[in-house]
Amino acid sequence: MIIETENLTKNFWRHDAVQDVNLSVPEGATCALIGANGAGKTTTMRMLVNVLEPDRGSARVLGVDSRQLKAADRLRIAFLSENQELPDRLTVAEYFEYLRTLYPNWDAALEKQLRAQFELPPTRALGKLSHGMRMKAMLIGALSFRPKLLILDEPLSGLDPLVRDEVMSGILSQADETSILISSHELSEIEGCTTHVAFMVHGRLLFQQSIEAMSGRFREVTVTAAGGLDRNRLPESWLNPQFDGSMLRFVDAGYESAQKLDAQVRQRFANVLHVESTPLSLRDISKSLMRATRQES
Amino acid sequence: MSSRLSLFGTLLRKDLRLYGIFAALLAVLLAAAEFPNLMMRLGSLAGLLQGALQLGTMLLVLLVMYEDAIVSMKHDWLTRPIPGTTLLAAKSAFVFLAVIVPPVLGSAAYHLSQGRSLAESALSSMNAGDPFLLPLIIMALAAVTSGIRQAIIVGLSVIALMALLALGVTLIHGTVESAAATSSGWVLRRGMQGTQLIASVAILWLQYRHRHTKAARTIAGTAVAMFVLLLALVTWPVVFAVQKSLGPGSAAAATLRTSLENDCFPARRLESDVGADAAVAADVTAQRFSEEHRRVAGPGAIAFATRLASQGAMPGDMLSVGHVEISYRNAGGSLQLRPGRTSWQWAVVGPDATTLDHYWLLPSAEYQRLSAIQGVETEVNYSLSLLKPRLTVEFMADGRRSYYAGIGYCGATVDRAAATVDVDCLVPGAQPALLTANLVGAPETRAASSRPVDFTPAVLDFWGSTRYVIKLPLQDSAAAAGVKVVTYEARAHFDRQISVAGVLGGPVSACPAP
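Summarised in this report is the structure supplied together with it. (Residues numbered from 1 in each chain as written. Chains lettered and ligands numbered in written order. Predicted model: local features only at pLDDT ≥ 70, side-chain atom pairs only at ≥ 80, totals over all residues. Heavy atoms only, no water.)

Points about the overall build of chain B
Helices and strands together make up the secondary structure of chain B, namely twelve helices and 14 strands. Every one of the 514 residues in chain B was classed for burial, and the buried ones make up 48%. When contacts within chain B are restricted to residue pairs at least 6 apart in sequence, those whose partners lie at least 24 apart make up 77%. Surface summary for chain B: the accessible area is close to 23,600 Å², and the carbon and sulfur share equals 62%. (Helix = DSSP H or I, 4+ residues; strand = E, 2+ residues; numbered from the N terminus. Buried < 20%, exposed > 50% of the residue type's maximum accessible area, 1.4 Å probe, protein only. Contact = heavy atoms within 4.5 Å. Areas by Shrake-Rupley, 256 points an atom, 1.4 Å probe, with all protein chains shown as cover.)

Below, the structure written as structure tokens:
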């Protein structure tokens, strides 16, 4: 595992930001860490790179306890956050000149290629760059030393679609040789490259699995019946049920097969005419989960 | 090692790139401020410039530190391959170059321009500016705060807290005389400086080595509390007790006899108008008391003098009064008075009698109360030090400067227009307890100094240098002037307590109020 946490916990005053998170990211994976705002994604990521110290539990990153990460380990880990504070008065060119000297493994050719691709103005101060330009500059700063692990905290937040595509293409260009942990609300953008998903709710890790396994177990289900449907007989894995006369729509979080689903539905309701299930995108799964957890809380 | 060095260079270059112009401007002004002739030309603006330079220095140090803030979760450097200690080394180097070096160079340049040798100019410059402590404290402040706004709030809160505590102590104990400005004040001064130094270094180390913000903030809070406690609790008795325990014993003072001269103390009443000085006689003048002293004593206060006579000291020794206090004692009465000024007081003593005068103010109401008490006694407590000569050099006041081993660079010029001989000595490193200058052949009582007696131990006084500029009255303007410079060290520290009956040197009937 390139990332492995054990009961990782962080509290801020009385707020439980992260509680007993056991996250595992396999080497070579692109893992999407998803959850609503305040779910604990950023705090978890900050603990992984030792910007924050856990109150309890531990995290191993590249096989090293996160609290023991040394400068040599940081040559292999890149961290990018939407609200990272850069030396704003340095120009783009000066910033990369500065970064180049920090990393013996800096790939100047890749930097040049990405800078040309992203069309960053070399003489403009970082503080005067637009949000999109700034994210691009940070991405070049994160990719150009070819890290073994790339941790990205909301890299697409606030970007227009064009810039989002550019940033994603930059990330994807490295996906083959880098393990990635990415948190983002732009799930449709990252779905294509995601191999694993971890979902956080209120500081806890609800589940983590491969994208195939997750896509396989979530279905949007529409049930059509001849008469009315009894609202009190729904299992827990049926999320966000919506009744509309003789029709019921829900998301099945425990889908195994069409036959099994059909049997489950008919066991609960009489006069079922039709059961239809369709696969969900990562975005829709995430929305369903968030809605369900919001209703629960 | 070489990669660390290269990283150090990278970080330093980055800060120089970001703040080089500000630092250069500040450096020029800091260097210029070391030219007294230039500052004199600025007149009242000089004070303003000094204040602005202090603020500019603090701002620059804070900006550079916050550029890569340690109390942060967002700064870029936190996830880069930058060891905290290397970052701290780079920041310290920047501060050293931008804030500490310019005044040193400015001072050296000034002394060179005054015709001093390179060696003497270099030694003179070591005291330039506020060498290390202030920048270090500002760095430590930046290491426990997340930005300039927070630093200002914390700084102002600390100042307010200290002022409140000082006010509280004053309300409870009355005006507490600071022991810092006395001959043994180094105990307090170095104690406070040591607290600041140790706390600042510990904070920086904890933060940049381990990022233990909570522990660092605890240390900062403890240091502030200790600082305040030192100010409030380390008064003269504590300071002198430390001095006695560290300095030479009191045995050497056994042969010194002390007594109070005069049967009745010379006394006069201040006029009812607090500001009026004219009514006070020449020997007990109001000028010896500050406006504050007179205001506190109130109208009609009695000004009086005590004269300490000493006999039996070794020839050439000096007697220094560190502190003197009068207490009135009886079954129920207890009042302490302190004289207007003691810390500068010293006198050559020898086998013959030598006297030292002290001047006091007794509020009228207190006099009435004390004089009505049966068997009231006046108790005068002296904290004294005997100084013995260590080195003596003699030279002509011909304008030439020479180096004298054990003292430093000295020279003297005759200012015939002012009828003075101007002696100028630069003493590097550990300072003598006292340095006096006198004209060869003049009575020893005419010896003068430009610095109060100071018993700071050599081990705590290794850095920098002190300049003594002493003007001696030229008796015979036609004669060539020979100058004698003498340095002294402590021979003994001791206390003497002298009691007399009554309030003003004798029973009230014999020594009534004026």
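Having seen it, we continue.
Regarding the sheet that holds strand β11 (residues 204–210) of chain A
Residue and element names in this part refer to chain A. Overall, mixed pairing links the six strands, which are arranged β7-β8-β9-β4-β10-β11 in an open sheet. The open sheet has two edge strands with one neighbour each: β7 (77–81) and β11. Pairs of neighbouring strands in the sheet enclose a mean axial angle of 15 degrees, with direction left out of account. Bridge count for β7 against strand β8 (residues 149–153) is five bridges, and the pairing is parallel. Bridge pairing in β8 places Ser81 opposite Asp153. The sheet contacts of helix α5 (residues 131–143) involve β7 and β8, and relative to β7 the element is tilted by about 170 degrees. (Pairing = 2+ DSSP bridges. Axes fitted to C-alpha atoms, helices over the stretch in contact; angles between N-to-C directions.)

Things to note about the pairing of strand β10 (residues 408–415) of chain B
Residue and element names in this part refer to chain B. When strand β9 (residues 401–404) meets β10, the two strands line up antiparallel, connected through four bridges. Within β10, the position partnered with Tyr404 by the bridge is Gly408. The turn linking β9 back onto β10 is made up of three residues, and Gly406 within it adopts a positive phi angle of 90 degrees. Direction of pairing for β10 relative to strand β11 (residues 420–428): antiparallel, over a ladder of seven bridges. Residue pairing in the sheet places Ala412 in a bridge with Val423 of β11. With antiparallel pairing between neighbouring strands as the criterion, β10 and β11 make up a hairpin whose turn holds four residues, including Ala419 at a positive phi of roughly 55 degrees.

Considering the nonpolar core
Grouped together as the largest cluster of nonpolar side chains are 136 residues, with contacts concentrated most on Phe96, Ile151, Leu181 and Phe218 of chain A together with Leu60 of chain B. Beyond its immediate stretch of four places on either side in the chain, Leu181 of chain A contacts Ile3, Leu23, Val25, Cys31, Leu33, Met45, Leu48, Leu150, Ile151 and Leu152 of chain A. Formed by 31 residues, the second largest nonpolar core is a distinct cluster that contains Leu370, Val376, Tyr382 and Ile498 of chain B. (Core = buried A, V, L, I, M, F, W, Y, C linked by side-chain atoms within 4.5 Å.)

Overview of the state of the cysteines
In the structure shown here, the tally under the stated rule is two disulfides over all chains. Disulfide partner of Cys410 of chain B: Cys425 of chain B, at an S-S distance of 2.0 Å. Linking Cys410 of chain B and Cys425 of chain B, the disulfide has an S-S dihedral of approximately 120 degrees and is accordingly described as right-handed. Taken together, the positions of Cys410 of chain B in strand β10 and Cys425 of chain B in strand β11 put the pair 15 residues apart, joining distant regions of the chain. What makes Cys410 of chain B buried here is its relative accessible area of 0%. Cys31 of chain A takes part in no disulfide bond, and the closest cysteine sulfur to it belongs to Cys193 of chain A, at a distance of 11 Å. (Disulfide = S-S within 2.5 Å.)

Focus: the environment of Ile285 of chain A
Residue and element names in this part refer to chain A. Here Ile285 shows up in helix α10 (residues 282–296). Sequence-wise, Ile285 and Leu126 are 159 residues apart; in three dimensions their C-alpha atoms are separated by 37 Å. Dropping the residues within four chain positions of it, Ile285 is found in contact with Met214, Ser215, Phe218 and Leu280.

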